[in-house]
Amino acid sequence: MRRASLVLAGLAGLVVTASVPRAALADRPASRGVYTEAGVGATGHLGAARSWSAIGPTMGLRLGYDLFSWLSFGVATVVASHEATPPPPPEGEWYQLYQARTDARLGFRIDSVALFVEGGAGAAYISSNVLGKVMVLDPGERFTVAFAGGGGLEYQLQNRHYAFGLAATYWMLPQFDALQGVEGRVYLRYTYGGSH
Amino acid sequence: MRAITIVLASSLCVFAACAEDPQYVPGPSSIEVGIAGSDVFTGTVTIDLPVELETMEDAIERGLRAAELGVGADQLAYVRVGDFDVSIEWTIKNLAGSEGEARISVNGGNQFWYYVPTEFVIDPEEDEEPPPLMGDIPLRIADNATLTGVFREDQVREASIDLEQITRAMINPFNAVLTVNEEDPGVTIPPVLMSMTDLSQMVRFDIVFEADRHMVLEYGLRVRDHRGILHDELLSAPAGEFVVWAPAMFVPPPPPP
């Protein structure tokens, strides 16, 4: 279902991009090519895991390449820090959840604003077994595959290399008892290439 | 290229930072005392740290260190003070309908000896029982209330030192337990002065819970492993993959005639 949504969004992006007046894009040139993003935000868990982890700060880095103006591929690393809230003891303990994903991003731009959807897969690592008490983790389990999908919007600055963005991502970690969460972040993007 | 370097460096830093993240060893069972109809008001549980078997490299390194100190390799512990930072977190629930008092005491052992304070009582009418390595503080708990607390890492470290003083250094347990030794250069384990980081780390914890009415104690160990020798699967580790500690109970020598 999600894959179908991504394809539809991509097609919609293509259609819209094709219909955007060239003058509008020319007003706000944006670089295309290799880019990096750095973002901060917050992550919360979904489902039963909401009772075992508080919402926590998150930060992420993304390195990508614009294959076309509407399609890019990237590698994203995200770390989130959460206070564990299972029945005590322990109490007041924190853990970190690290994710590294490769993903694809489909999008289009109208003047200074771009919209995108993205999806990908990778791996995740949890720093401690504090959630083992509530059966999220099996003994010795630290790594899992990770799936993620989301979307956002980007505001292109006058400087063609820079853009600010706002994004939300849903992720799911199958081996951690299908732990799920949503992260919201603001980010700054820097693109190395020339304008288009 | 610079961006790739930044991303890789950040990732490495992130994973390096988590190398000593705490692991939580859950208590094998809660301790419930004072159940209506019973007269059991004290309970004890023992937890052994699940440490991986010593590798050949570790044994060689230990042998070299022992030779430097001038002691036999069997006198230098596999797990030494500083290898782990351990704290014990606990929660007491008062299940009775009235305020009550509870105590938690922690004793235990290293790979050589374990300490039982009552072994120092030869004449119950004359000898006072020495204090436990940690705890034994009265805690007032309101009816149906919950109280949480922790034996901190520095307390467990001090307990490891005290245990070595009581057993291999033959120091009076009152003196050992009631003196803080963290600034000392070491402990004399005859015939040599061993530095603090050469002393044995506690790997066995005997948790004693005592209450005057119906209460339950939940507890767990929080371990920061600086050597990477704690078994990943903790108490679920398969037999044969971790050290089975078999310390001897320390019995003080009889008083001189």
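In this text, all values refer to a predicted model and were calculated from it rather than measured experimentally.

Break down the sheet that holds strand S4 (residues 94-110) of chain A for me, with residues and values.
Within a beta sheet, neighbouring strands are joined by backbone hydrogen bonds and run either parallel or antiparallel to one another. Residue and element names in this part refer to chain A. Judged by pairing direction, the barrel is antiparallel, and its 8 strands sit side by side in the order S1-S2-S3-S4-S5-S6-S7-S8 before closing back on the first. Shown here is a sheet whose adjacent strand axes are inclined to one another by a mean of 25°, direction ignored. One ladder, built from 12 bridges, connects strand S1 (residues 34-46) with strand S8 (residues 179-191); its direction is antiparallel. Note on S8: the bridge partner recorded for His-45 is Gly-181.

Could you give me a rundown of the environment of Glu-20 of chain B, with the residues and numbers involved?
All names here are of chain B. Considering the arrangement of structural elements, one finds Glu-20 in the loop between helix H1 (2-17) and strand S1 (23-26). Taking the C-alpha atoms as reference points, Glu-20 and Asp-154, separated by 134 residues in sequence, lie 17 Å from one another. If near-sequence neighbours (up to four positions away) are discounted, Glu-20 is found in contact with Arg-224, Asp-225 and His-226.

For the nonpolar core, give the residues involved together with the corresponding values.
The biggest cluster of nonpolar side chains holds 47 residues, and the ones touching the most others in it are Leu-49, Phe-84, Ile-92, Phe-205, Ile-207, Phe-209 and Leu-217 of chain B. Those residues in contact with Ile-92 of chain B, other than ones at most four positions away along the chain, are Ala-102, Ile-104, Leu-139, Ile-141, Ala-145, Thr-146, Leu-147, Phe-209, Met-215, Val-216 and Leu-217 of chain B. Grouped together as the second largest cluster of nonpolar side chains are 18 residues, Ala-124, Val-134, Leu-137 and Ala-148 of chain A included.

Run through the pattern of salt bridges, naming residues and quoting values.
In the structure shown here, the tally under the stated rule is 26 salt bridges over all chains. Residue Arg-105 of chain A is joined to Glu-37 of chain A by a salt bridge in which the shortest nitrogen-to-oxygen separation is 2.6 Å. With Arg-105 of chain A in strand S4 and Glu-37 of chain A in strand S1, this pair connects stretches of sequence that are 68 residues apart. Comparing Arg-105 of chain A with Glu-37 of chain A shows no difference in burial state: the two are buried. Of the charged contacts in the structure, one is a salt bridge between Arg-227 of chain B and Asp-83 of chain B, with a shortest N-O distance of 2.7 Å. Of the two residues, Arg-227 of chain B is situated in the loop between strand S13 (215-225) and strand S14 (248-249) and Asp-83 of chain B in the loop between helix H2 (56-69) and strand S4 (84-94); the sequence distance between them amounts to 144 residues. When salt bridges with common partners are traced through the structure, they connect Glu-37, Asp-66, Arg-105, Glu-118, Glu-154, Glu-183, Arg-185 and Arg-189 of chain A into a single cluster.

Run through the side chain of Asn-107 of chain B, naming residues and quoting values.
Residues and elements named next belong to chain B. Mapped onto the fold, Asn-107 is located in strand S5 (residues 100-109). With a relative accessible area of 8%, Asn-107 lands in the buried category. Separated by 3.0 Å, the side chain of Asn-107 and the backbone nitrogen of Leu-133 make a polar contact.

For the pairing of S8 of chain A, give the residues involved together with the corresponding values.
Residue and element names in this part refer to chain A. By the alternation rule, side chains of S8 split into Leu-179, Gly-181, Glu-183, Arg-185, Tyr-187, Arg-189 and Thr-191, which are all buried, and Gln-180, Val-182, Gly-184, Val-186, Leu-188 and Tyr-190, of which none is buried. Note that strand S7 (residues 162-173) and S8 share 12 bridges and pair antiparallel. Along S8, the bridge assignment pairs Ala-167 with Arg-185. In textbook terms, the turn of a hairpin is the stretch between consecutive antiparallel strands, and for S7 and S8 this stretch comprises 5 residues, one of which, Asp-177, has a positive phi near 55°.

If you had to explain empty space enclosed by the protein to someone new, which residues and values would you point to?
All names here are of chain A. Enumeration according to the criterion identifies 3 cavities of 30 Å³ or more in this entry. Together, 15 residues line the largest cavity, and Leu-61, Arg-62, Ala-76, Val-78 and Arg-185 are the ones closest to its centre. For the lining of the largest cavity, the secondary-structure elements that each account for two or more residues are S1, strand S2 (56-66), strand S3 (71-83), S4 and S8. Of the residues contributing to the lining of the largest cavity, the split by class is 5 nonpolar, 3 polar and 7 charged. In this structure, the second largest cavity encloses a volume near 40 Å³. If you go around the second largest cavity, the residues you meet are Thr-43, Val-78, Ala-80, His-82, Leu-97, Gln-99, Trp-171 and Glu-183. Secondary structure elements with two or more residues in the lining of the second largest cavity: S3 and S4. Here the lining of the second largest cavity is built from residues that sort into 4 nonpolar, 3 polar and 1 charged.

Please give an account of a nonpolar patch on the surface that cites residues and values.
Residue and element names in this part refer to chain A. A surface patch of nonpolar side chains, about 930 Å² in accessible area, is lined by Val-40, Met-59, Val-113, Leu-115, Leu-153, Tyr-155, Tyr-162, Phe-164, Leu-166, Val-186 and Leu-188. With 3 residues, S7 is the largest single contributor of residues to the nonpolar patch. On the secondary structure map, Leu-188 appears in strand S8. Exposure remark for Leu-188: the relative accessible area of 34% places this residue in the partly exposed category.

Describe the environment of Arg-103 of chain B, with residues and values.
Residue and element names in this part refer to chain B. Relative to the assigned elements, Arg-103 resides in strand S5. Residue class for Arg-103 comes out partly exposed when judged on its relative accessible area of 26%. Leaving out residues up to four positions away in the same chain, Arg-103 has contacts with Asp-136, Ile-137, Pro-138, Val-208, Phe-209 and Glu-210.

Go over the confidence of the model for chain A with me, naming the residues and quoting the values.
When the pLDDT values of chain A are averaged, the result is 87; 85% of them are 70 or greater. Across residues 10-24 of chain A, where pLDDT falls below 50, the model places 11 contacts with residues more than four positions away in sequence or in other chains.

Give me the lowdown on H2 of chain B, citing residues and values where you can.
Residues and elements named next belong to chain B. Here H2 spans 20 Å end to end across 14 residues, near enough to the 20 Å set by a 1.5 Å rise per residue. Looking at H2, one finds that the buried residues are Asp-58, Arg-62, Ala-66 and Leu-69. Down the axis, H2 shows its buried residues gathered within 70° of arc, on one side only. Opposite the packed face of H2, turned more than 90 degrees from it, sit the exposed residues Met-56, Glu-57, Leu-64, Ala-67 and Glu-68. In this structure, the buried residues of H2 make contact with strand S11 (192-195). Looking one or two places after H2, you find Gly-70, whose phi comes out positive at around 85°.

Thresholds, definitions, all that
Residues numbered from 1 in each chain as written. Chains lettered and ligands numbered in written order. Predicted model: local features only at pLDDT ≥ 70, side-chain atom pairs only at ≥ 80, totals over all residues. Heavy atoms only, no water. Pairing = 2+ DSSP bridges. Helix = DSSP H or I, 4+ residues; strand = E, 2+ residues; numbered from the N terminus. Axes fitted to C-alpha atoms, helices over the stretch in contact; angles between N-to-C directions. Contact = heavy atoms within 4.5 Å. Core = buried A, V, L, I, M, F, W, Y, C linked by side-chain atoms within 4.5 Å. Buried < 20%, exposed > 50% of the residue type's maximum accessible area, 1.4 Å probe, protein only. Salt bridge = Lys/Arg side-chain N within 4 Å of Asp/Glu carboxyl O. Polar contact = N/O pair within 3.5 Å; in protein donor to acceptor, adjacent residues only side chain to side chain. 1 Å grid on protein atoms, 1.4 Å probe; cavity = no way out; pocket = protein on both sides within 12 Å on 5 of 7 lines; lining within 4 Å. Points joined across faces, edges and corners; volume = space filled by probe spheres on them. Nonpolar A, V, L, I, M, F, W, Y, C, P; charged D, E, K, R; others polar. Patch = residues over 30% accessible without salt bridge, like charges linked within 9 Å, V, L, I, M, F, W, Y side chains within 5 Å. Areas by Shrake-Rupley, 256 points an atom, 1.4 Å probe, with all protein chains shown as cover. pLDDT = per-residue confidence, 0-100. Expected span 1.5 Å × (residues − 1). Arc of directions from axis to C-beta.

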